[in-house]
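Summary of structural features
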Amino acid sequence: MRKIDIKQQKFETPREKDLLRHLISTSLKYKLWIGLLIAINLVGMYAYYRQVRFGLIVTAMRDYTSWGIYISNFVFFVAISLVGSLFSSILKLNNNVWAKPLIRVSEIIAVSAIICAAVIIIIDMGRPDRFFYVITHFRIQSPIIWDVIIISTYLVISFLLLFISILPDIAVCRDRLTEIPNWKKRFYRITAINWSNHPKQAERLNKVSKIMGIAVLPVAFAIHTVTSWLFATTWRPGWNSTNLGPYFVSGAFMAGAAAIIFAMYIIRKELKLHAYITEDHFDKMGRLLVLLSLIYLYFNINEYLGPAFKMVGIEGDQLSELFTGQYAIMYWFVQIGGLILPLILLMFKVMRKPFPIFLISLSVVLGAWFKRYLIVIPSLQHTYVPIQQVDESYLHYIPTWEEWAITISSFASLLLLITILIKLFPVIPIKSEEHDSETIVEPNIK
Amino acid sequence: MYAQDDMQDAKVSLSFSEDTDTKTITATVTDQNGLAAEEVELSFFVKRTFSLLKIGDGFNETDEDGVVEVAFPSDLPGDAEGNVTIIVKILDNDLYNDLSVETIKKWGVPTIINDDKDERSLWAAAANAPITLIISVTGMIFVIWFIILYIIFSFYKISKIKPLNL
């Protein structure tokens, strides 16, 4: 086996060194981090083994609360994945040049989150071996089918968006990195698909980038709108709302933007990219988060004010549980800690500095997860049909350790995927500009 | 083993009474000697399309005369003539074997079900999905996957472009 000496690696520019060095050296901290994530996943796999072995009875899900934290988590992951389209489409099409260094991070998060969302749906199935019945017993009238179609489509699009963004830099890795293992060299050679910076290649890549930038937007809106329709087409209080589509989409953009800020801070710190992810990026992301939070606040008011004004029937019971009942602490944490307080704090410039905004975005992300819990569970527990003569366990939902272990391990899987992708590819474009028509392209094959 | 040997067959006889407001099912349970069976738990059901609907209170236990009465809901749909199937069961009793007694009564609300399973609708079988839905969903899938395949084809074309100095 060839001995690798990292010190032998030559870089052409300081920028190249800064952005590529983490691909060739592996710190003990990184190994421990990976080890921790794998350990959490092993516990999750054991819990899943128990679920497959004994059935969904090991969970707290019963006839009424038939969607538990798995589905809350699924909605959360789908929400986070929307951040890819925010950067690759909305900000890009609006010529927000400042956001270009963040496109790749957003795509890495989007790809990882949508993979985890797809997996968690399979985990939620009591009989995963019957998954293909969804296809063989295909019924186009079912919102579940719409969701399966749109998630697989968005998964492919997210991969393509990430690939479009990193292709020129994979070629740089192939051409520059000498002190890496052979498997990695082979990997870069295959995935670089003969990229040689030829003007025709750049022109074509630029064209597909623009097409995808436009095409991803309706798909991104559709994925979370269809996810909201899974609820809106089910007869439960809190879901009988025409507001649900935009409510979900706006919440997703807000959660995704917070996730990006969170990731930016960690990546900047760990990969020492202070010169590339600057305080100005945090400041602009903070302003963007304020805008997205305001939109989400507007839909929140629409979602709760009407039913809360009337407080009738089972809708009123469900809202009482949220406002003053058993979910009150969680509800007010989500609304105040995850929405209103971040919104107010981020209006002050000092709070848009990296560390304060990192803490604020953490609160937003946590609020976003618990928000999905509050959307799913309390509504399921309040049925329009009277609940009579059922087992006591049907009336409450407290997730079991198996559900928590699987849910926590899905987070570990998300972080593991993000970590691996960051370890494989440069997170910031090596050229100071992303590939576009204005970039002067020079062939670099000598 | 001993418990099973001691088990005996009970007999359940049903009678029905109704006045203007209420309909009542009276079940009388006797043991194999014809004596009233006291404290026997009975379950009352009405047969529905897919399963049995439980009626009565949570616990319906016979009194010292072996009798238990259960009110029949006045708003349950029956068939076109109002017939409903009432089922009374003894389940998991310590002394008596499981038993099921079934009677048809004209106590339901006459309901004519339009057999529209052959019509195209959102709730029909897959083969009878609404045409507009099929066209719109298929159209959207076709457009977006055409773009995806075009992008993949573009990557293929990119891979075939030879470097300038070769």
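Please read these numbers as outputs of a predicted model, since none were measured by experiment.

A closer look at the overall build of chain A
Secondary structure summary: chain A contains 15 helices and zero strands in total. Its C-alpha atoms give chain A a radius of gyration of 23 Å, within 12% of the compact-globule value 22 Å for 446 residues. Overall, the C-alpha framework of chain A stretches about 80 × 50 × 40 Å when taken along its three principal axes. Per-residue burial over chain A gives 54% buried out of 446 residues. For chain A, the centre of its 43 positive side-chain charges and the centre of its 30 negative side-chain charges are spaced 8 Å apart.

Section: the interface of chain B and chain A
Listed by partner, the interface residues are 35 residues for chain B and 34 residues for chain A. Taken as a group, Phe 155, Ile 158 and Ile 161 of chain B account for 23% of the area that chain B buries against chain A, more than any other trio of residues on that side. Put simply, chain B and chain A have zero salt bridges between them. Joining chain B to chain A, the criterion identifies 10 residue pairs in polar contact (both at pLDDT 80 or more). If you tally residues by element for the side of chain B that touches chain A, the top one is helix 2 (residues 131-160) of chain B, at 17 residues. Looking at the side of chain B that touches chain A residue by residue, the class counts come to 23 nonpolar, eight polar and four charged.

Some details on the sheet that holds strand 3 (residues 42-47) of chain B
Residue and element names in this part refer to chain B. On the basis of which strands lie adjacent, the open sheet formed by four strands has the order 4-3-6-7 and antiparallel pairing. Across the chains shown, the open sheet's two edge strands, defined by having one partner strand only, are strand 4 (52-55) and strand 7 (99-105). When the angles between neighbouring strand axes are averaged without regard to direction, this sheet yields 30°. Where strand 3 and strand 4 come together, four bridges link them in antiparallel fashion. Bridging across to strand 4, Val 46 finds its partner in Leu 53.

Let's talk about the domain arrangement of chain B
Under the domain assignment, chain B is made up of domain 1 (2-105) and domain 2 (114-166). If you average the C-alpha positions of domain 1 of chain B and of domain 2 of chain B, the two centres end up 56 Å apart.

Some words on a nonpolar patch on the surface
On the surface, Trp 332, Ile 336, Ile 340, Leu 341, Ile 344, Met 347, Phe 348 and Val 350 of chain A cluster together to form a nonpolar patch covering roughly 750 Å² of accessible area. Relative to the elements of secondary structure, Phe 348 of chain A occurs in the loop between helix 13 (328-345) and helix 14 (354-381).

Examining the pattern of salt bridges
Residue and element names in this part refer to chain A. Under the definition given, this model contains 14 salt bridges over all chains. With its nearest N and O atoms 2.9 Å apart, the salt bridge here joins Glu 402 to Arg 50. Residue Glu 402 is found in helix 15 (residues 401-424), and its partner Arg 50 is found in helix 2 (residues 28-54); the two are separated by 352 residues along the sequence. Arg 50 gets classed as partly exposed once you look at its relative accessible area, which sits at 22%. For Lys 284, the salt bridge identified is with Asp 280, shortest N-O distance 3.0 Å. Note that Lys 284 and Asp 280 are positioned in helix 11 (residues 279-310) at a spacing of four residues, about one turn of the helix. Residue Asp 280 is classed as partly exposed on the basis of its relative accessible area of 40%. Here the salt bridges do not stand alone but share partners, grouping Asp 283, Arg 287, Lys 349 and Arg 352 into one network.

Overview of the packing of aromatic side chains
Here the distance between the centres and the angle between the planes together describe a pair of aromatic rings. Residue and element names in this part refer to chain A. Applying the stated criterion across every chain yields a total of 37 aromatic pairs over all chains. A connected cluster of aromatic rings, assembled from ring pairs, spans Trp 67, Phe 231, Trp 239, Tyr 247, Phe 248 and Tyr 296. Directly above the aromatic system of Tyr 30 lies the positively charged group of Lys 423, at a separation of 5.2 Å from the ring centroid.

Thoughts on empty space enclosed by the protein
All names here are of chain A. On inspection of all chains with the given rule, the structure shows two cavities of 30 Å³ or more. Taken as a whole, the second largest cavity spans an internal volume of roughly 70 Å³. Looking at the second largest cavity, it is lined by 13 residues, and the ones nearest its centre are Met 254, Tyr 296, Gly 338, Gly 367 and Ala 368. Where the lining of the second largest cavity is concerned, the elements lending two or more residues are helix 10 (244-270), helix 13 and helix 14. It is helix 14 that contributes the most residues to the lining of the second largest cavity, five residues altogether.

Focus: the sheet that holds strand 1 (residues 11-18) of chain B
Residues and elements named next belong to chain B. The three strands lie next to each other as 1-2-5, forming an open sheet whose pairing is antiparallel. Only two strands of the sheet have a single neighbouring strand rather than two, namely strand 1 and strand 5 (67-72). Neighbour-to-neighbour, the strand axes of this sheet turn through a mean angle of 20°, independent of strand direction.

Conventions adopted
- Residues numbered from 1 in each chain as written.
- Chains lettered and ligands numbered in written order.
- Predicted model: local features only at pLDDT ≥ 70, side-chain atom pairs only at ≥ 80, totals over all residues.
- Heavy atoms only, no water.
- Helix = DSSP H or I, 4+ residues; strand = E, 2+ residues; numbered from the N terminus.
- Rg over C-alpha atoms; globule rule 2.2 N^0.38 Å.
- Buried < 20%, exposed > 50% of the residue type's maximum accessible area, 1.4 Å probe, protein only.
- Lys, Arg positive; Asp, Glu negative; His and termini not counted.
- Charge placed at Lys NZ, Arg CZ, Asp CG, Glu CD.
- Contact = heavy atoms within 4.5 Å.
- Buried area = accessible area lost by both parts, 1.4 Å probe.
- Salt bridge = Lys/Arg side-chain N within 4 Å of Asp/Glu carboxyl O.
- Polar contact = N/O pair within 3.5 Å; in protein donor to acceptor, adjacent residues only side chain to side chain.
- Nonpolar A, V, L, I, M, F, W, Y, C, P; charged D, E, K, R; others polar.
- Pairing = 2+ DSSP bridges.
- Axes fitted to C-alpha atoms, helices over the stretch in contact; angles between N-to-C directions.
- Domains from an automatic or database assignment.
- Patch = residues over 30% accessible without salt bridge, like charges linked within 9 Å, V, L, I, M, F, W, Y side chains within 5 Å.
- Areas by Shrake-Rupley, 256 points an atom, 1.4 Å probe, with all protein chains shown as cover.
- Phe/Tyr/Trp six-rings, centres within 6.5 Å; stacked < 30°, edge-to-face > 60°.
- Lys NZ or Arg CZ within 6 Å of the ring centre and 35° of its normal.
- 1 Å grid on protein atoms, 1.4 Å probe; cavity = no way out; pocket = protein on both sides within 12 Å on 5 of 7 lines; lining within 4 Å.
- Points joined across faces, edges and corners; volume = space filled by probe spheres on them.

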